[in-house]
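# Structural features, examined
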Amino acid sequence: EIGAGLGRSAVVFSKKHLWDEDASIHLYDTNGSQTKYKQKYYDSPPKWPDISSFCGNLPLLEAFLKHNSLANYTILDAAQAPLSALPGPYDLIYGFYSIGFHWSIEHYLDDLEPLMNQQTVLICTLNKHFTSFPRLASYSTRVLQAAGTRKGARPLSFLALSKGALPEVGLPVAEPSPP
């Protein structure tokens, strides 16, 4: 996960058994004291080694993961290495409210390329200002919609992106009970 914050997504995925128990989980974040979430940063985000846009707390992240009995995780400090230096390739890369939402994914594709193989699926939350860009045409992509969690909230949009074909996404349909 890129921009793991407290690792809530990793905990939910683990508790919902969305991956094998022995899956290796990498969480990429760093300690930070400010955020750069304004639209001007979406269009032109800070580049590594400028990590001023991170607002994580790595000791708190580790405590949260341990409290929730998450296993097989590694916290990768963004202050120590750029995104492109992570030990990929990965099966799944996700960024909820980080790349794609606070900062346009357009600016991170060069960093993400070394982390992806043909089967990798990248999922990120999109913000309301998202517009497609020419380089997306070289990937398989799909925009997915999900209901917001707050009353009256607008639906959330997610981008699924892969170098290869994207798997079909959907919920299993229950078979009708026999009469």
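To keep things clear, this report deals only with the structure shown in the data block. (Residues numbered from 1 in each chain as written. Predicted model: local features only at pLDDT ≥ 70, side-chain atom pairs only at ≥ 80, totals over all residues. Heavy atoms only, no water.)

Spatially, four strands are ordered β3-β5-β7-β6 in an open sheet, and the strand pairing comes out mixed. In the strand order of this sheet, the two ends are held by β3 (90-95) and β6 (140-146), each with one partner. Strand-to-strand, the axes of this sheet are offset by a mean angle of 15 degrees, without reference to chain direction. Across five bridges, the pairing between strand β5 (residues 116-126) and strand β7 (residues 156-162) is antiparallel. Across the sheet, L126 pairs through a bridge with S157, a residue of β7. (Pairing = 2+ DSSP bridges. Helix = DSSP H or I, 4+ residues; strand = E, 2+ residues; numbered from the N terminus. Axes fitted to C-alpha atoms, helices over the stretch in contact; angles between N-to-C directions.)

Below, the discussion takes up the packing of aromatic side chains. Counted according to the given criterion, the structure contains five aromatic pairs. Between F13 and W19 the ring centres are 5.6 Å apart and the planes differ by 80 degrees, which places this aromatic pair in the edge-to-face class. Judged by its relative accessible area of 17%, F13 is buried. Here the aromatic cluster, defined as three or more aromatic residues joined through ring pairs, consists of F13, W19, Y94, F96 and F158. (Phe/Tyr/Trp six-rings, centres within 6.5 Å; stacked < 30°, edge-to-face > 60°. Buried < 20%, exposed > 50% of the residue type's maximum accessible area, 1.4 Å probe, protein only.)

This brings us to the nonpolar core. Formed by 26 residues in total, the largest nonpolar core has its most connected members in Y28, L83, I93, I105, L112, L122 and L161. Elements with a minimum of two residues in this core: β3, β4 (98-103), α4 (109-112), β5 and β7. Sort the elements by how many residues they give to this core and β5 lands first, with four residues. Setting aside anything within four residues of it in sequence, one finds L112 in contact with I2, L83, I93, I99, I105 and L122. Counting residues in each nonpolar core, the second largest holds 13 residues, with I25, L27, Y73 and Y94 among its members. (Core = buried A, V, L, I, M, F, W, Y, C linked by side-chain atoms within 4.5 Å. Contact = heavy atoms within 4.5 Å.)

Let us now look at the pattern of salt bridges. Taken as a whole and judged by the stated rule, the model has three salt bridges. Across the pair K163 and E113 runs a salt bridge, and its minimum N-O distance is 3.3 Å. One end of the pair, K163, is in the segment after β7; the other, E113, is in the loop between α4 and β5, and 50 residues separate them in sequence. The partly exposed category is assigned to E113, whose relative accessible area is 26%. (Salt bridge = Lys/Arg side-chain N within 4 Å of Asp/Glu carboxyl O.)

With respect to the secondary-structure elements, L115 resides in the loop between α4 and β5. Linking L115 and I93, residues 22 residues apart in sequence, is a C-alpha distance of 8.5 Å. Contact partners of L115, with chain neighbours within four places excluded, come to L83, S84, L86, G88, P89, Y90, I93 and T120.

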